[in-house]
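Commentary on secondary and tertiary structure
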Amino acid sequence: MRTINELAAQETLRGRPAGFDVERVRQDFPILRQQVHGKPLVYLDSAATSQKPQVVIDAVTRYYQAENSNVHRGIHLLSERATELFEDARAKVARFLNASDAREIIFVRGATEGINLVAQSYGKMSLKAGDEIIISAMEHHSNIVPWQILCQETGAALRVIPINDDGELLMDEFKKLLNARTRLVSVVHVSNALGTINPVKQIIEMAHSHGVPVVIDGAQAAPHLSVDVRALDCDFYVLSGHKLFAPTGIGIVFGKAHLLEAMPPYQGGGDMILSVTFERTLYNVVPFKFEAGTPHIAGAIGLGAAIDYLTEVGLDKIAAYERGLLAHATDALAAIPGLRIIGTAKEKAGILSFVLDGVHPHDIGTILDQDGIAIRTGHHCAQPVLQRFGVPATARASLAFYNTREEIDALARAIHKVTTLFG
Ligand code: C6P
């Protein structure tokens, strides 16, 4: 199979500028070729997990076929190769996020583990009774519950930035919440339930003007926007590989080096130590201090391959294409009688949550599945924000750069069918 680069080069030879060609991109994702219930698969659940391009599948397979070995341990050739590939992947992530040093990249299982790491290490080190942590009303449970646990353990309190009816943060309320007791701000970059893109740079500037560090949950942002942790000046940034076209079970915590160096380990075990006696253990240097036990080596290599692939396709081209797709989808859905879109922020990424008058979201999902259309229904692990909109659940179509306008039209037709069935 030819890569995007080879095809683009061929295109340039023919004298045509290489642009974004969705049909060509789709050829890189073998899963998209299949039929579901006798209909072509229309995969609109990429916010739950994204599909994987062949180059990622190949990188993982190649590792298990030719390089499988443990990292940082052996002196034999395979272990050296595995270590090199694993550390190359870390360097790729650092470049992808524009971190200044690969030491600032910690491999974890995903965004959930990343936030728990920051809460249990940085949070426990720096919070005491009476301190405050600010999150927002649109957080995923994984950016709520770890802070609640920390609050229970330390006596700190959680404060929540409210949102308006479009699903945008009320920045004046955030300003009021910031005070001398605030020790940490942790907000989502792109909401998984609403699609809102939050003004994280402004949030970081405001928090920093109070000397408060900021954690950004980038699980839904990294697949759609180019993220520059140095330009943002965030203190921590977490993401999940599986939403970024890489395998499950691998994710990233970016942390500023001076913070990581000051933080205690999150877990103890092999590889996170320099020396161990029964009396005393000396911890390894950053980032290894935070990577106890054998890591998900194949996952990290797959993440490196996904980043190479995204870079080849071009993040700016992806973002521009997705903007057009989202506008088309918003128009198509808004035209359906009885359909209400939940999350109508001015700045949005490719997520469309909606409810239909008189139809349970699970029924919408089940009927769409019969047409080969995969969406997610339920509370999307973000119950508080759905409560804010007065609904227990929504149907959610989430887009990726391999989706087409024709797929959006198929979605709209299928929802029309649902309205006639229940009408
Ligand atoms: N949201 C969704 O369908 P993990 O599960 O650790 O890879 O990611 C957690 C997470 C954290 N923050 C945000 C904003 C998220 O969207 C998610 C995962 C999926 O919306 C699965 S619940």
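Remember, predicted model here, so these are calculated numbers, not experimental data. (Residues numbered from 1 in each chain as written. Predicted model: local features only at pLDDT ≥ 70, side-chain atom pairs only at ≥ 80, totals over all residues. Heavy atoms only, no water.)

**Some remarks on the sheet that holds strand β6 (residues 157–161)**
The strand order β4-β10-β9-β8-β7-β5-β6 describes an open sheet built from seven strands, whose pairing is mixed. The sheet is open, and its two edges are formed by β4 (105–108) and β6, each paired on a single side. Adjacent strand axes in the sheet meet at a mean angle of 20°, parallel and antiparallel pairs treated alike. With three bridges joining them, strand β8 (residues 214–217) and strand β9 (residues 236–240) adopt parallel strand pairing. Residue pairing across strands places I216 opposite Y237, the latter belonging to β9. (Pairing = 2+ DSSP bridges. Helix = DSSP H or I, 4+ residues; strand = E, 2+ residues; numbered from the N terminus. Axes fitted to C-alpha atoms, helices over the stretch in contact; angles between N-to-C directions.)

**Quick word on the domain arrangement of the chain**
In terms of domains, the chain is made up of domain 1 (4–33 + 314–422) and domain 2 (56–311). Measuring from the centre of the C-alpha atoms in domain 1 to the corresponding centre in domain 2 gives 27 Å. Between domain 1 and domain 2, roughly 2700 Å² of surface is buried when both sides are summed, and carbon and sulfur atoms account for 59% of that area. If you sort the residues of domain 1 by the area they bury against domain 2, L315, I351 and R388 come out on top, with a joint share of 21%. With a shortest N-O distance of 2.8 Å, R388 and D165 are connected by a salt bridge. Of all elements in the fold, only α12 (315–334), β14 (351–356) and α14 (383–388) reach the threshold of two or more residues within the side of domain 1 that touches domain 2. Considering only residue class, the side of domain 1 that touches domain 2 consists of 20 nonpolar, seven polar and seven charged. (Domains from an automatic or database assignment. Buried area = accessible area lost by both parts, 1.4 Å probe. Salt bridge = Lys/Arg side-chain N within 4 Å of Asp/Glu carboxyl O. Nonpolar A, V, L, I, M, F, W, Y, C, P; charged D, E, K, R; others polar.)

**Some words on the environment of L169**
Here L169 lies in the loop between β6 and α7 (171–177). By relative accessible area, which is 9% here, L169 ends up buried. For the pair formed by L169 and P199, sequence separation is 30 residues and the distance between their alpha carbons is 8.5 Å. Every residue in contact with L169, bar those within four places of it in the chain, is listed here: S136, M138, I161, P162, I163, N198 and I203. (Buried < 20%, exposed > 50% of the residue type's maximum accessible area, 1.4 Å probe, protein only. Contact = heavy atoms within 4.5 Å.)

**Here's the deal with unusual backbone geometry**
A cis amide bond links V286 to the next residue, P287, at an omega of 5°. If you trace the backbone, P287 turns up in the loop between β12 (281–283) and α11 (297–313). At C381, a residue that is not glycine, the phi angle is positive and equals roughly 55°. Here C381 lies in the loop between β16 (376–378) and α14.

**Details of helix α15 (residues 405–422)**
The first and last C-alpha atoms of α15 sit 26 Å apart over 18 residues, in line with the 26 Å expected at 1.5 Å per residue. Of the positions making up α15, those classed as buried are E407, I408, A410, L411, A412, A414, I415 and V418. (Expected span 1.5 Å × (residues − 1).)

**Some points on the pairing of strand β10 (residues 251–255)**
Burial analysis of β10 places five of its five residues in the buried class, the great majority of the element. Examined bridge by bridge, β4 and β10 share four bridges and lie antiparallel to one another. Along β10, the bridge assignment pairs I106 with V253. Bridging between β9 and β10 involves five bridges; their strand directions are antiparallel. Looking at β10, one finds that V238 is bridged to V253.

**Some thoughts on the site of the ligand**
Close to the ligand lie 18 residues; T112, D217, S240, H242 and R376 are nearest. Within the side chain of T112, an N or O atom sits 2.5 Å from an oxygen atom of the ligand. One nitrogen or oxygen atom from the side chain of K243 is found 3.0 Å from a nitrogen atom belonging to the ligand. Coverage of the ligand by the protein amounts to 88% of the 510 Å² it exposes when considered alone. Partitioned by chemical class, the residues of the shell around the ligand number six nonpolar, eight polar and four charged. Taken domain by domain, the shell around the ligand gets at least three of its residues from each of domain 1 (4–33 + 314–422) and domain 2 (56–311). (Near = heavy atom within 4 Å. Polar contact = N/O pair within 3.5 Å; in protein donor to acceptor, adjacent residues only side chain to side chain. Areas by Shrake-Rupley, 256 points an atom, 1.4 Å probe, with all protein chains shown as cover.)

**Brief notes about the packing of helix α13 (residues 361–370) against α15**
One way to put it is that α13 packs onto α15 with a least axis distance of 10 Å and a crossing angle of 120°. It follows from the interaxial angle that α13 and α15 lie oblique. Between α13 and α15 lies a crossing whose hand is right-handed. Two secondary-structure elements touch here, α13 through D363, I364, I367 and L368 and α15 through L411, A414, I415, V418, L421 and F422. When its residues are assigned to classes, the contact of α13 with α15 shows nine nonpolar, no polar and one charged. (Parallel < 35°, antiparallel > 145°, perpendicular 65-115°, else oblique. Left-handed = near helix turned anticlockwise from the far one by under 90°.)

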